[in-house]
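Below, each chain spelled out in residue letters.
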Amino acid sequence: LSKPTDLVQGTLDLLILKVVALEPMHGWAIAQRIHQMSGEVLQVGQSALYPCLHKLEQNGWIDSEWAVSENNRRAKYYTLTRAGSMALEQESAQWERLSAAISLVVKTV
Amino acid sequence: MRLRLRSAFLRSRVEAELDEELKYHLDRQIEANLAAGMSESEARYAALRAAGGLEQRKEECRDMRGMNLVDNLVQDIRFGIRQLRKNPGFTATSILTLSLGMCACVAIFAFVDATLISPLPYRDSNRLVGVYETVEMFPLSNLSYLDYLDWKKSNTVFKSLDAYQRSGFILNTPDGAQPARGAEVSAGFFRTLGVAPVLGRDFHSGEDQPASPRTVILSYSAWQKRFGGRPEAMGQTVTLDGEATTIVGVLPREFHFSPVEPSEFFIPIHAIGSCKQRRSCHNLYGVARLKDGVTVQSALLEMKGIAKQLEQQYPDSNRGQGAAVVTLSEVIVGEVRPILLLLLSGAGLLLLIAVVNIASLLLVRSESRAREMAVRTALGAGTVRLMRQFVTEGLLLVIAGGTLGVVWATWSMQLLLKLIPTDLLAGLTFLHGLGLNYRVVGFACLILVLAGALFSITPMLRLSAANLQAGLAEGSRGSAGMLWRRLGTKLVVAELAVAMVLLVGAGLLGRSMYSLLHLDLGFQPDHLIGVEVAASGNTYSNDELAIALHRRIISQIESLPGVQAVGITASLPVSGNGNTMWFRVLGRPWNGEHNEAPQREVSASYFTTIGARLLKGRYFTETEGPAKPRVGIINAAFARRYFPSEDPLTQRLTYISRTVSPIQIVGVVDDIKEGPLDVATPPVLYVPSTQDVNTYFSLVVRSTQSGQSLIPLMASAIRKIDSGIVARNGELMVDRINDSPSAYLHRSSAWLVGGFAALALVLSVVGLYGVIAYSVSQRTREIGVRMALGAQPTAVYKLILADAGWLTAGGIVIGLACSVGAAVLMRGLLFGVRPWDLPTLAAVAVLLGLCALLASYLPARRAASVNPVDALRSE
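Keep in mind the model is a prediction, meaning the values are calculated, not measured.

Rules and cut-offs
Counting restarts for each chain, with residues numbered from 1 along the sequence as it is written. Starting at A for chains and at 1 for ligands, labels are handed out in the order in which the entities are written. Local features are withheld for residues below a pLDDT of 70 in this predicted model, meaning they are given only at 70 or higher, and side-chain atom pairs are given and counted only at 80 or more; totals for whole chains, interfaces and linings count all residues. The side-chain numbers reported here are obtained from all heavy atoms of the structure, hydrogens and water having been left aside. Stacked, tilted and edge-to-face pairs are distinguished by plane angle, under 30 degrees for stacked and over 60 for edge-to-face with tilted covering the rest, among Phe, Tyr and Trp rings (Trp via its six-membered ring) whose centres lie within 6.5 Å. By definition, any uninterrupted DSSP run of H or I lasting at least four residues is a helix, any uninterrupted run of E lasting at least two residues is a strand, and each is numbered from the N terminus. Buried, partly exposed and exposed residues are distinguished by accessible area as a fraction of the type maximum, computed with a 1.4 Å probe on protein chains only: under 20%, between the cut-offs, and over 50%, respectively. Put simply, a salt bridge is a Lys or Arg side-chain nitrogen that is within 4 Å of an Asp or Glu carboxyl oxygen. The pairing criterion for strands is at least two bridges between them, as found by DSSP. Contacts: residue pairs with any heavy atoms within 4.5 Å of one another. Note on geometry: axes are lines fitted to C-alpha atoms, helical ones only across the stretch in contact, with angles between N-to-C directions running from 0 to 180 degrees. For the purposes of this section, nonpolar cores are sets of buried Ala, Val, Leu, Ile, Met, Phe, Trp, Tyr and Cys residues that join through side-chain atoms within 4.5 Å. Residues qualify for a patch when their relative accessible area is over 30% and they have no salt bridge, like charges being joined within 9 Å and the nonpolar side chains of Val, Leu, Ile, Met, Phe, Trp and Tyr within 5 Å. Note on areas: these come from Shrake-Rupley sampling with a 1.4 Å probe, and a residue is covered only by the protein chains present in the view. Each residue gets a pLDDT score, which is the predictor's confidence in that residue and runs from 0 to 100. By definition here, a helix of n residues has an expected span of 1.5 Å times n minus one. Regarding the arc, it is the one traced by the directions from the helix axis to the C-beta atoms.

Here we take up the packing of aromatic side chains. Residue and element names in this part refer to chain B. Taken as a whole, this structure holds 25 aromatic pairs over all chains when the rule is applied. Centroid distance F190 to F266: 5.4 Å. Interplanar angle 75°. Geometry classified as edge-to-face. Residue F190 is located in helix α8 (residues 189–193), and its partner F266 is located in strand β9 (residues 265–268); the two are separated by 76 residues in the primary sequence. What makes F190 buried here is its relative accessible area of 0%. A residue is classified by how much of its surface remains accessible, and F266, at 1% relative accessible area, is buried. Taken together, a centroid distance of 6.4 Å and an interplanar angle of 50° make the contact between F607 and F620 tilted. You can see F607 sitting in helix α22 (residues 606–610) and its partner F620 sitting in the loop between β16 (614–617) and β17 (631–635), a full 13 residues away along the chain. One aromatic cluster is present, built from ring pairs that chain together Y122, Y132, Y164, F189, F190, F203, F255, F257, F266 and Y285.

Written out as structure tokens, the structure is:
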């Protein structure tokens, strides 16, 4: 999955929020973590990732600060804000409903 | 929002961070690729490919941050300002034009707002009405005191009906007697208006009864000026007309009632004196508050009924006395409303020309920017972005021009106020509120929004109409020229037509003013001075004393250096048509009808002093006195109306409401303008001031020099006779006439509309010049070809001038039709000239035609002097 259009609208937001909720992380690590956690199915490209990160920051759902990364370079780390964790709850509830509904439709013989 | 602001203001830092963040990602990708076993160059290339263009990524992030919104706007504004600065001629012309139009419109609107839109400063002022009697000569005439009492008692439509009358007092001060203006009002007057004193109390009901003690309420300015604003002034006494009067209250600072302004003292009407006892003596005005649910019409109907009833009950005094009820705002601003609306229309038309002119300039400009637009489109600018550019530029123009216009408008307002004669201004109390209030600013903003929309849309028309790619083609002049010819030229025709309307309006008003000021007044106003004199009726209590006073004053003033002649009249010419009497012609059948005519008590020297023309008989002599048979002089209008075929000198008159011995007519004088300049002189009866004696009168003095220096000398000469006498409003008759309301209103409207018309002429001619010059520049190649093929310069002149001629002719013809229509609408404001006055129309058409010819001659000459070789090569 390299283009955002392939993802269900808003899904990338949910994935990023979910991943960042675990610990503060920089962009590269977020992409890697999503890849890893999805069983190497989902691959988020830069073209989708960074605009989305900036949008979430603009929304006030994540916050950023510069810190030294695991390879001893400065990297921009994103953390979840209080508003972000509330948004995460809503988004995941929304996702649950949506995916359950889709499953119902798809699995019906 | 915090972030967006950061994006906007800490732009470079945000950019650097964005750079670093993406670089970090790229480096990690390269590392990962290396780890996967790629060569260094392969790893780098793959990473860059995965990123899919770093610049685009950055742009997307910027978009997400909303940075571009602000950026583009800033860019548009910068570019717009650069565009406008690159073209200073266009920019200055547009801003100046717009600000002139705005200035005129906003300043006049402020006057309209203060006068016609702002409510009068009384509680529920739209429920207040003026109440009048009507007679043939005066549609809004005074009430008599007894009629007022009956109307007050019998009506069911008014919550309250009260009366007022202007009044002048002699105020005793430590520095001697001073004139003071004021009003007599019935006790409930202020309650009816819904005004309460700020200090002290209102009049009690019944305080206007003859027996009640004398009290006075001060205006705020009188309290400040004469009593230093001290609260202790309450309860003090002042001497008004020799009567000790107790101060009981002070009116609010913002209170004014223009029919009696400027007023310092308000005293209750006291029903004493012979006038108040006579139903035929009319000297009061009524003001009333309508009951809820009662309309002006239904109130009028009832008052007419009551008047009818009184007419039957008192046929001697009330015959022909009807009733009139009009809104109070009509009473106060009714007279200036048509002039203000005229001026607002004039200013509006000027603004229209200004805006159309700018729009046509913008159209020309968008033609010449066709290539710029095409290039921008080719480089990826969206249509929306291009339109935004036009909107930005339009708004920049509008903001600059509008701000300048509003600033000028505030100056103009102050200037116009200063040009109003002080006496007139005192009565125009509604102008106190003149200024930039929210309605005026709202009006200005509305104009700016409309102008902004027009200025943004005009160049957009070009954008949508023309094929943008054609703009790139070398020397293309295709569809664009068509649009220009279709729209641009029509705009010029409209401009010329509107200018024509304004010019005709100005011409007609100018002619009205001319005929008004060159009116035959029936006397010689130059070197004539008028002074009002008030002596106390208590001191000069009988006719002998008063006549002796007249004689002393005349002889004292005659002895002043430079004085040629002195006369006395009850009221000066060109001041008013009031003070009428009812009479009948003796020896004629009479059925009780009221023949009404103004009466003036004048001294023997009066007519020769003012330079009147005697048509028949003789003037009064010094020997005519109280004991002699009564005599009278009538004016020509009187003779025409009542003695069309008889010899007036054989006729005798008598008053209807007063019994005096018959008045023998001894002379006929040519009509002297007694009332306003623009009102025809009614029949007037002059009687000797020795037979009908007043202690309030006016002096007319003919001087050898200009006379201005005589006025203070006269005042002190009178004061020397008796310090209790007041001499006021000394003024040259010429000034008095020029400052009289009718002259002022005609003059100011003529000058203002004239100014608008002059600006309109300049703007429209500049507009025409622009159109012709542009069309010449468009047709340079065509003209070159024609000349190369042998066309003579005269043929080129003809070609260009014919174009201009058609446009001008179109403008003039449409303008003529519109002007006659507009002139008919304003015929009420014209004096001595018909709305379809041919000389004015012809003169304006010729003037406009000549200016248009000049404006098109310049570009035509340029076209004719084109060198064909250059013209062909340039394209």
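Quick look at the pattern of salt bridges now. Residues and elements named next belong to chain B. All told, the structure shown has 36 salt bridges over all chains when counted by the stated rule. The salt bridge partner of R728 is E532, with a shortest N-O separation of 3.5 Å. With R728 in strand β22 (residues 726–732) and E532 in strand β12 (residues 528–534), this pair connects stretches of sequence that are 196 residues apart. Assessed through its relative accessible area of 17%, R728 is described here as buried. The class for E532 is partly exposed, based on a relative accessible area of 21%. The closest approach of N and O atoms between R640 and D671, which form a salt bridge, is 3.4 Å. Within this pair, whereas R640 is found in helix α23 (residues 636–642), its partner D671 is found in the loop between β19 (663–669) and β20 (685–688), the two being separated by 31 residues in sequence. The class for R640 is exposed, based on a relative accessible area of 55%. For D671, a relative accessible area of 17% puts it in the buried group. Taken together, the shared-partner salt bridges in this structure form one network comprising D147, D150, K153 and R279.

Residue and element names in this part refer to chain A. With antiparallel pairing, three strands are arranged side by side in an open sheet as β1-β3-β2. Both edges of this open sheet fall to β1 (25–26) and β2 (62–68), since each of them pairs with a single strand only. Direction of pairing for β1 relative to strand β3 (residues 74–80): antiparallel, over a ladder of two bridges. What sits directly across from H26, in β3, is Y77. Contacts from helix α3 (residues 46–59) reach β2 and β3, with the element oriented near 55° to β3.

Generally speaking, soluble globular proteins have nonpolar side chains that are buried together. Residue and element names in this part refer to chain B. Grouped together as the largest cluster of nonpolar side chains are 121 residues, with contacts concentrated most on Y122, F190, L193, F255, F257 and L328. With sequence-adjacent residues up to four places away left out, L328 is seen in contact with L120, Y122, L128, V129, G130, L193, F257 and V287. With 27 residues, the next largest nonpolar core counts F523, V669, I672 and M733 among its residues.

Turning next to a nonpolar patch on the surface. Residue and element names in this part refer to chain A. On the surface, W95, L98, I102, L104, V105 and V106 cluster together to form a nonpolar patch covering roughly 590 Å² of accessible area. Among the structural elements, I102 can be located in helix α4 (residues 82–107). Its relative accessible area of 44% is what places I102 among the partly exposed residues.

Interpretation of the predicted coordinates at a detailed level should be avoided for regions scoring low in pLDDT. All names here are of chain B. On average, residues of chain B score 86 in pLDDT, and 94% of them are at 70 or above. When the criterion is pLDDT under 50, residues 474–480 qualifies, and its contacts beyond four places in sequence or with other chains add up to 11 contacts. Scoring of the predicted complex yields 0.76 for pTM and 0.83 for ipTM.

Before going further, it helps to examine helix α4 (residues 54–65) of chain B. An α-helix turns once per 3.6 residues; consequently, residues spaced three or four apart project the same way. Residues and elements named next belong to chain B. The terminal C-alpha atoms of α4, which comprises 12 residues, lie 17 Å apart, in line with the 16 Å expected from a rise of 1.5 Å per residue. Along α4, the residues that are buried comprise R57, K58, C61, R62 and R65. Projection of α4 onto a plane perpendicular to its axis shows the buried side chains occupying an angular sector of 135°, all on one side.

Moving on: unusual backbone geometry. All names here are of chain B. In this structure, P262 follows E261 across a cis peptide bond, with omega equal to -10°. The backbone of D124 sits at a positive phi, close to 40°, despite the residue not being glycine. Inspection of the secondary structure assignment puts D124 in the loop between α6 (88–117) and β1 (128–134). Note on D124: relative accessible area 48%, which makes it partly exposed. Positive phi, close to 55°, is recorded for N729, a residue that is not glycine. Note on N729: relative accessible area 30%, which makes it partly exposed.

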